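Geometric and topological summary
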Amino acid sequence: MAEEQRGDAIETFQAAGETFPPDAATVAAANAQAEIYARAAADPVAFWAAEARERLTWRKPFTKTLEWELPFARWFDDGELNVAENCVDRHVAAGRGEKVAFHWIGEPGDRRTITYAELLVEVQRTANALKGLGVTRGDRVAIYMPMVPEVAIAMLACARIGAAHSVVFSGFPASALADRINDAEAKVLITADGGYRKGSFFELKPIADEAMKSSPSITGSIVYRRRQPGTPGETAMQQGRDHWWQDLVPQQSTDCPAEAMPAEQLLFLLYTSGTTAKPKGIMHTSAGYLLGAALTHHAVFDIKPDDVYWCAADVGWITGHTYIVYGPLANGATQVMYEGTPDTPSWDRWWSIIEELKVNILYCAPTAIRAFMRQGEEHPRKHDLSSLRLLGSVGEPINPEAWLWYRSVIGGGRTPIVDTWWQTETGSIAISPLPGVTTTKPGSATFAMPGIAADVVDASGKSVPLGGGGFLTLTQPWPSMLRGIWGDPARFKETYWSRFPGSYFAGDGARRDEEGYFWLLGRVDDVMNVSAHRISTIEVESALVDHHNVAEAAVVGKNDPLTGQAIFAFVILKKGVEATDEFAHELRGHVAKQIGAIARPKFLLFVPDLPKTRSGKIMRRLLRDIAEGRALGDVTTLADGGVVDTIRSNTGAAEE
Ligand code: WTA
């Protein structure tokens, strides 16, 4: 494992200066007050038990809070609840059925408003449709959809009947979808004919069809029709297997009582890249996950009953699961869901939505903020953004420059910014400011959340004193923690719990300053972070060597002003194959086809050889130095010193 810190991030750390204490009005009105830290620290398990009783509606109260057989945790194990009931029914039962759950905006401009009462009807119908297709408690259902409200309805319908969903990002190709379906042995696929993105309709069903050809576990599929009248094209349906959502769901009974589920019932799998080529099916269960989602959404986003909240993530990632579906719905929030991209039809699309719907809270990734910065202030300036009260950031380190721009240009110099560090594995936010409590520093995610214990340790696992850097660990179990990797408990132990015995190893580097603020420094393993998406270097390497003309490949992340990191591939061709721009283009396309457009290498360099140690291990650290144009680090273990010079003399032509 490559464990060196990224030098540029440390410079970012040193550059930060100004601090931002919360203003008096925010302090006075904030959901979470300073006492929450002391309460949690005094007895974390009792804290979680009290929060679980307060925030969740139980069918059967739990008596045991935590059973911890490292690394396997069971939270609230003898309790029972239904996650969908917590997210929908209880709000309707409390008389809030007419409250809007989703203001949905399609990219072409079509709109829908869905209340909690309507959501309840749709979730029950969809749950009955799933039952009709033979889905029962414990089954897995794959979901491959664009950003339409039905994606949330589908997830909640699964939760209602105790089936686990596995949402697959709609930008993934057929092979990635098939791999995920097969690993989970999903019984049903819920998909769509397509969706609108960057001004045109993209077809999803043909990709789903290709995936289903090699997914023998699938016995039925539901296809949501998104194509609008006037958009050309037709969707092929396979008789007996495929059902249009619009035909199947509306005819179902609107009565599907929520069944009580064990607290540890599997709620979903979400696949994420690790340090090998095979994505990991991260397992989250019901009560603990929902508690983490609900509590953090309440405390970090300071959600109030009349707020309009907008998380601009895609539901295909954990941010969409926790902060579009489960957290906000558990809290009965009103949200915006937008189908398309921020630049369509023009770069002020988000700002016009915020002005129109008077959005109070916006949550997005630094990569989007940097893209907006690049487009210029004139776009947000065209709109009244004074409804915004709070801004959030997630997915990658936010550089202080972007943080300050976000606050001044989007937040009018008023809004607190919550830079939230967490992972697919943590389930919910683990390190973040609390808006009414924390004095923020641009670029720092500040402190561990109440009830979460984070540390920075050196290579031997020893806690590093304040002012120093090392590896980020979480030292105590928490309710929304992953419960395992689907089908692979050994890998679960090895990946997260073996590097620092007794602690969860996040795979991130971090520093703490003299005041104990956390500064995240990026991944320290072979995972890249491109536009806030995790991509494994080894996954891209396998896709490259999968091409019959490629002999060997090595991939590293290169710092990128827009996307955080960009993929830099070094490729050795087979004898006799010519290193042309055309072939480089073809190879990029090959990677995109294998693992998705987000994994398309930005830089691709044909090299005669790769720098290796005498034992034959590729020295990625040197490749990173080359990619960054940095002075080379230690080369004493290099088998052939000439290799590096040859590669360096060629780096100019790599970008497409
Ligand atoms: C990175 C996304 C710095 C980190 C929620 C982590 C961040 C990985 C931040 C998880 C942040 C996420 N500051 N880095 N505020 N948030 N990361 O699983 O490297 O898609 O390990 O979850 O994103 O990515 P994932």
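Each chain has its residues counted from 1, running along the sequence as written. Totals for whole chains, interfaces and linings use every residue, but because this is a predicted model, local features are given only for residues with pLDDT of at least 70 and side-chain atom pairs only at 80 or more, for both listing and counting. Only hydrogens and water are removed before side-chain values are computed, so all heavy atoms of the structure are retained for them.

**Regarding the domain arrangement of the protein**
To be explicit about the condition: Boundary definitions for the domains trace back to an automatic or database domain assignment. The contact rule is simple, with two residues in contact once any of their heavy atoms fall within 4.5 Å. Once two parts are put together, the accessible area they lose, assessed with a 1.4 Å probe and summed over both, is termed the buried area. Salt bridges are identified by distance alone: a Lys or Arg side-chain nitrogen within 4 Å of an Asp or Glu carboxyl oxygen. Two N or O atoms count as a polar contact when they lie within 3.5 Å, although within protein this holds only if one can serve as hydrogen donor and the other as acceptor, and sequence-adjacent residues are included solely when both atoms are side-chain atoms. Only Asp, Glu, Lys and Arg are considered charged in this grouping, and only Ala, Val, Leu, Ile, Met, Phe, Trp, Tyr, Cys and Pro are considered nonpolar; every other residue, Gly among them, is considered polar.
For the protein, the domain assignment lists domain 1 (24–341 + 420–451) and domain 2 (526–653). Distance from the C-alpha centre of domain 1 to the C-alpha centre of domain 2: 36 Å. On the domain 2 side, the residues contacting the 18 residues of domain 1 number 16 residues. For the pair domain 1 and domain 2, the two sides together bury roughly 1,100 Å², of which 49% comes from carbon and sulfur. Three residues, Ser273, Thr275 and Ala277, lead the burial of domain 1 against domain 2; their summed loss comes to 40% of the area buried on that side. Put simply, domain 1 and domain 2 have one salt bridge between them. Across the pair arginine 534 and glutamate 425 runs a salt bridge, and its minimum N-O distance is 2.9 Å. Connecting domain 1 to domain 2 are six residue pairs in polar contact (both at pLDDT 80 or more). Here the side of domain 1 that touches domain 2 is composed, by residue class, of six nonpolar, nine polar and three charged.

**With respect to the site of the ligand**
Rules: Residues are classed as near a molecule or strand on a simple rule: at least one heavy atom within 4 Å of it. The protein chains shown are the only cover counted for residues, whose accessible areas, like all others here, come from Shrake-Rupley with a 1.4 Å probe. Numbered from the N terminus, helices here are DSSP runs of H or I no shorter than four residues, and strands are runs of E no shorter than two.
In the vicinity of the ligand there are 17 residues, among which Asp419, Thr424, Asp508, Arg523 and Arg534 approach most closely. A distance of 2.6 Å separates an oxygen atom of the ligand from a polar atom in the side chain of threonine 424. Within the contact set of the ligand, an oxygen atom lies 2.6 Å away from a side-chain nitrogen or oxygen of aspartate 508. When the ligand is considered free in solution it has 520 Å² of accessible area, and contact with the protein chains removes 97% of it. Counting only elements with at least two residues in the shell around the ligand, the list comes to α12 (318–330), β20 (417–420) and β25 (518–523). Looking at the shell around the ligand residue by residue, the class counts come to six nonpolar, six polar and five charged.

**Focus on the packing of helix α8 (residues 174–184) against helix α9 (residues 205–213)**
Relative orientation and spacing of two packed helices are given, respectively, by the angle between their axes and the distance between those axes. Keep this limit in mind: Angular values range over 0 to 180 degrees, each being the angle between N-to-C directions of two axes fitted as lines to C-alpha atoms, with helices fitted over their stretch in contact. Each angle is binned into one of four classes, with values under 35 degrees roughly parallel, values over 145 roughly antiparallel, values of 65 to 115 roughly perpendicular, and all other values oblique. Handedness of a crossing follows from how the near helix is turned relative to the far one, being left-handed for an anticlockwise turn of less than a right angle and right-handed for a clockwise one.
Across the interface, α8 lies against α9 with an axial gap of 8 Å and an inter-helix angle of 50 degrees. The orientation of α8 relative to α9 falls into the category oblique. The interaxial crossing formed by α8 with α9 has right-handed handedness. Touching Ala174, Leu177 and Ala178 of α8 are Ile207, Ala208, Glu210 and Ala211, all from α9. Residues that form the contact of α8 with α9 fall into these classes: six nonpolar, no polar and one charged.

**Things to note about the packing of aromatic side chains**
Just so we agree on the cut-off: Any two rings among Phe, Tyr and Trp, with Trp reduced to its six-membered ring, count as a pair given centres within 6.5 Å; such a pair is stacked if its planes are under 30 degrees apart, edge-to-face if over 60, and tilted if neither. When accessible area is computed with a 1.4 Å probe and restricted to protein chains, residues below 20% of their type maximum are described as buried, those above 50% as exposed, and intermediate ones as partly exposed.
Tallied over the full model, the rule gives 39 aromatic pairs. Seen in terms of ring centroids, phenylalanine 20 and tryptophan 403 are 5.0 Å apart; in terms of plane orientation they differ by 40 degrees. Their pairing is tilted. You can see phenylalanine 20 sitting in the loop between α1 (7–15) and α2 (24–29) and its partner tryptophan 403 sitting in helix α16 (residues 400–410), a full 383 residues away along the chain. Take tryptophan 403: its relative accessible area is 1%, and that puts it in the buried class. Centre to centre, the rings of phenylalanine 471 and phenylalanine 500 are 5.6 Å apart; their planes meet at 40 degrees, and the pair counts as tilted. With phenylalanine 471 in strand β22 (residues 469–474) and phenylalanine 500 in the loop between α17 (489–497) and β24 (504–512), this pair connects stretches of sequence that are 29 residues apart. Per residue, the accessibility class of phenylalanine 471 equals that of phenylalanine 500, and both read buried.

**Concerning unusual backbone geometry**
Keep in mind that most residues, glycine aside, have a negative phi and that most peptide bonds are trans. The omega angle of the peptide bond from leucine 70 to proline 71 is 0 degrees, so this bond is cis rather than trans. The residue proline 71 is located in the loop between β1 (66–69) and β2 (72–75) in this model. In the segment running from threonine 344 into proline 345, the intervening peptide bond is cis, with an omega of 0 degrees. Along the polypeptide, proline 345 turns up in the loop between β17 (334–338) and α13 (349–357). A positive phi angle, close to 50 degrees, is found at serine 531, a residue other than glycine. Secondary-structure assignment places serine 531 in the loop between β26 (527–530) and β27 (533–536). Although it is not a glycine, alanine 532 sits at a positive phi angle of roughly 65 degrees.

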